[in-house]
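# Residue-level structural notes
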2 protein chains.
Amino acid sequence: MTEAEYLANYDPKAFKSQLLTVDAVLFTYHDQQLKVLLVQRSNHPFLGFWGLPGGFIDEHCDQSLEEAVLRKLQEKTAVVPPYIEQLCTLGNRHRDVRGWSVTVCYTALMSYQACQIRIDSVSDAKWWPLADVLQIPLAFDHLQLIKQARERLTQKALYSLVPGFALSEPFTLPELQHVHEVLLGKPIQGKSFRRRVEQADLLIDTGLKRTERGRPANLYRLKSDTASYRFLRNLEC
Amino acid sequence: MTEAEYLANYDPKAFKSQLLTVDAVLFTYHDQQLKVLLVQRSNHPFLGFWGLPGGFIDEHCDQSLEEAVLRKLQEKTAVVPPYIEQLCTLGNRHRDVRGWSVTVCYTALMSYQACQIRIDSVSDAKWWPLADVLQIPLAFDHLQLIKQARERLTQKALYSLVPGFALSEPFTLPELQHVHEVLLGKPIQGKSFRRRVEQADLLIDTGLKRTERGRPANLYRLKSDTASYRFLRNLEC
DNA sequence: TAAATAGTGTCTATTAGACATTATAGT
DNA sequence: ACTATAATGTCTAATAGACACTATTTA
């Protein structure tokens, strides 16, 4: 049989196939703490529960998995996050009562400001402080995905400046350090942090300064290659 | 509508769903080089081409994605690899002529010895030297997946002892070092490597020695926590 | 004894931690 | 001047690189 004959006879409905969704753990930093975007489900299963933004692929719109998850996020936040990364794919027989189900899950970061207006006007989407999320029941295995995303981001705080994508630009260096400290759950030596930032050469000094109690702090933006930069040595704290 | 009513009316065939496969990039180390397990396709599309071992989920057998990919590997090698890790999930409209398609791809490592007999008897499965694989046409986007798996393994050679899972136990320390050197494409200072191995405390000294030209080398096995151990500092070479 | 390979000793270079010190704002 | 916060100076500790040296085998 030639490939042409094979394709002419091919029936995509002939094989049983699995439920496939994309989801995103979208973090931001606001009020000195990490927050994660959750949406309240308007359909079964888990109707009324909070869960991760995400959903089914739309074969008409979506060229790829990443386009699909970005579309889902854009529907809730009206913007495309400056950082997104595949977290993991979770698939098994038990996670969805409808049957064998798979989610391709992403971790994303964005500033709180960038989408605050849209979030305020969408009653089913809300930034949840991470500590609170651990206390409420979530849809599916979304709690597990959030924990895993947070662990990975904590690791990145040790060897990259990726957490900076959770800030609104321009930001101060102490602000960036504090995001890292919140992720690590420990203080960082300011001198160590500054040395690394300087060596990495990932921040653009805007020349502006921000003052609020004390000496004014320089304001920076992230260079675009911050997403891929890795320090050779971890912070040890 | 209650959830029970929703599920009673739920038709899994009602929604268009995507082709979903699992694939694995299985590496080993033999004859001083990295090899990857490929299988020759016996079906359209890419009939006759070499590609990654993998395939569709079997909802009767497979409880999870990882079980599915392990089953596929076991069919070819007759053993379960001692190391497996999710690499990435690749999904888009163009990778398969049959339509929107998704693969959940894993990286795995195992010793060459452990499955040599089975491979020899299965005419459609073969260990390919990695250099050769880059020269031949592969099915789908499998070349891209192999490259990505190799890059990730190279990174792991800098901050872990994971590449050791590509060796047959017991192995010598110079053998382990050489796997790392092949991955990095550069020599490593023996002293640096030994210091790190000692500090990590991941090797079990069997008390045995192997001699072939020169001073006999101690023989080691990997502790089970080698898969998750990370050095704080990368090798710099 | 020579060659080959395994394994050690030791010095230097780099960089994180610790913490004292200086700088620049508001009150 | 005093307080608060930002930013720097500088010493110590840990560890990777470099490379000379010792150890144990076969031929």
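As the structure is a computational prediction, the values presented were derived from the model and not from experiment. All residue numbers refer to position in the chain's written sequence, counted from 1. Chains carry letters from A onward and ligands carry numbers from 1 onward, assigned in written order. In view of the model being predicted, local features appear only for residues whose pLDDT reaches at least 70, and side-chain atom pairs are presented and counted only at 80 or more, with totals across whole chains, interfaces and linings using the full set of residues. Values shown for side chains rest on all heavy atoms present in the structure; no hydrogens or waters enter the calculation.

## Concerning the sheet that holds strand β9 (residues 203–210) of chain B
Residue and element names in this part refer to chain B.
- A pair of strands counts as paired when DSSP detects no fewer than two bridges linking them. Counting from the N terminus, the helices are DSSP H or I runs at least four residues long and the strands are E runs at least two residues long. Taken in spatial order, the 3 strands make up an open sheet running β8-β10-β9, and their pairing is antiparallel. At either margin of the open sheet sits one strand with a lone partner, and together these are β8 (171–172) and β9.
- As judged from the 2 bridges shared by β8 and strand β10 (residues 217–222), these two strands associate in the antiparallel manner. Bridge pairing in β10 places Phe-171 opposite Tyr-220.

## Points about the domain arrangement of chain A
Residue and element names in this part refer to chain A.
- Note that the domain bounds were set by an automatic or database domain assignment. Parsing chain A into structural domains produces domain 1 (19–141) and domain 2 (157–227).
- A straight line from the C-alpha centre of domain 1 to that of domain 2 covers 27 Å.
- Note on contacts: a residue pair qualifies if any of its non-hydrogen atoms lie within 4.5 Å across the two residues. At the junction of the two partners, domain 1 supplies 11 residues and domain 2 supplies 11 residues.
- Buried area adds together the accessible area that both of two parts lose upon being put together, with accessible area traced by a 1.4 Å probe. Of the roughly 960 Å² buried between domain 1 and domain 2 on both sides combined, carbon and sulfur atoms contribute 75%.
- Looking only at domain 1, the three residues that lose the most surface to domain 2 are Tyr-29, Leu-34 and Tyr-83, adding up to 54% of its buried area.
- Polar contacts, as used here, are pairs of N or O atoms within 3.5 Å; protein pairs need one atom able to donate a hydrogen and one able to accept it. Residues neighboring in sequence count only if both atoms are side-chain atoms. Connecting domain 1 to domain 2 are 4 residue pairs in polar contact (both at pLDDT 80 or more).

## A short note on the interface of chain B and chain A
- Counting residues at the interface gives 41 residues for chain B, matched by 41 residues for chain A.
- In this assembly, chain B packs against chain A so that about 3900 Å² is buried in total across both faces, 51% of it on carbon and sulfur atoms.
- By the criterion of area lost to chain A, the three top residues of chain B are B:His44, B:Glu59 and B:Trp100, representing 17% of everything that side buries.
- Should a side-chain nitrogen of Lys or Arg be within 4 Å of a carboxyl oxygen of Asp or Glu, the pair is scored as a salt bridge. On inspection of chain B and its partner chain A, the count reaches 0 salt bridges.
- Going through the elements one at a time, α1 (3–9), β1 (19–30), β5 (83–92) and β6 (101–109) of chain B are the ones with two or more residues in the side of chain B that touches chain A.
- Considering only residue class, the side of chain B that touches chain A consists of 19 nonpolar, 13 polar and 9 charged. For this scheme, ten residues count as nonpolar: Ala, Val, Leu, Ile, Met, Phe, Trp, Tyr, Cys and Pro. Four count as charged, namely Asp, Glu, Lys and Arg, and the remainder, Gly too, count as polar.

## A short note on the protein's contact with DNA strand C
- Whether a residue is near a molecule or strand is decided by its heavy atoms; if any one of them lies within 4 Å of it, the residue is near. Close contacts around DNA strand C come from 24 residues, with A:Arg195, A:Glu236, B:Arg194, B:Arg213 and B:Asn218 the closest.
- At a separation of 3.0 Å, a sugar or linking oxygen of DNA strand C approaches a polar side-chain atom of A:Arg233.
- One nitrogen or oxygen atom from the side chain of B:Arg194 is found 2.5 Å from a phosphate oxygen belonging to DNA strand C.
- Elements with a minimum of two residues in the surface near DNA strand C: α7 (190–200) of chain A together with α7 (190–200) and β10 of chain B.
- By residue number, the principal contributor to the surface near DNA strand C is α7(A), which donates 5 residues.
- By residue class, the composition of the surface near DNA strand C is 6 nonpolar, 7 polar and 11 charged.

## Comments concerning a positive patch on the surface
All names here are of chain A.
- Each patch is assembled from residues with relative accessible area greater than 30% and no salt bridge, linking like charges that lie within 9 Å and nonpolar side chains (Val, Leu, Ile, Met, Phe, Trp, Tyr) that lie within 5 Å. Computed with the Shrake-Rupley method and a 1.4 Å probe, the accessible areas treat only the protein chains shown as cover for residues. Counting rule applied: Lys, Arg positive; Asp, Glu negative; His and chain ends not counted. Think of each charge as sitting on NZ of Lys, CZ of Arg, CG of Asp or CD of Glu. On the surface, Lys-191, Arg-194, Arg-195, Lys-209 and Arg-215 cluster together into a patch of positive charge.
- Counting residues per element, the positive patch draws most heavily on α7, which supplies 3 residues.
- In this structure, Arg-194 sits in helix α7.
- The partly exposed category is assigned to Arg-194, whose relative accessible area is 42%. Think of it in three bands: residues with accessible area under 20% of the maximum for their type are buried, residues over 50% are exposed, and the middle band is partly exposed, with areas taken using a 1.4 Å probe on protein chains only.

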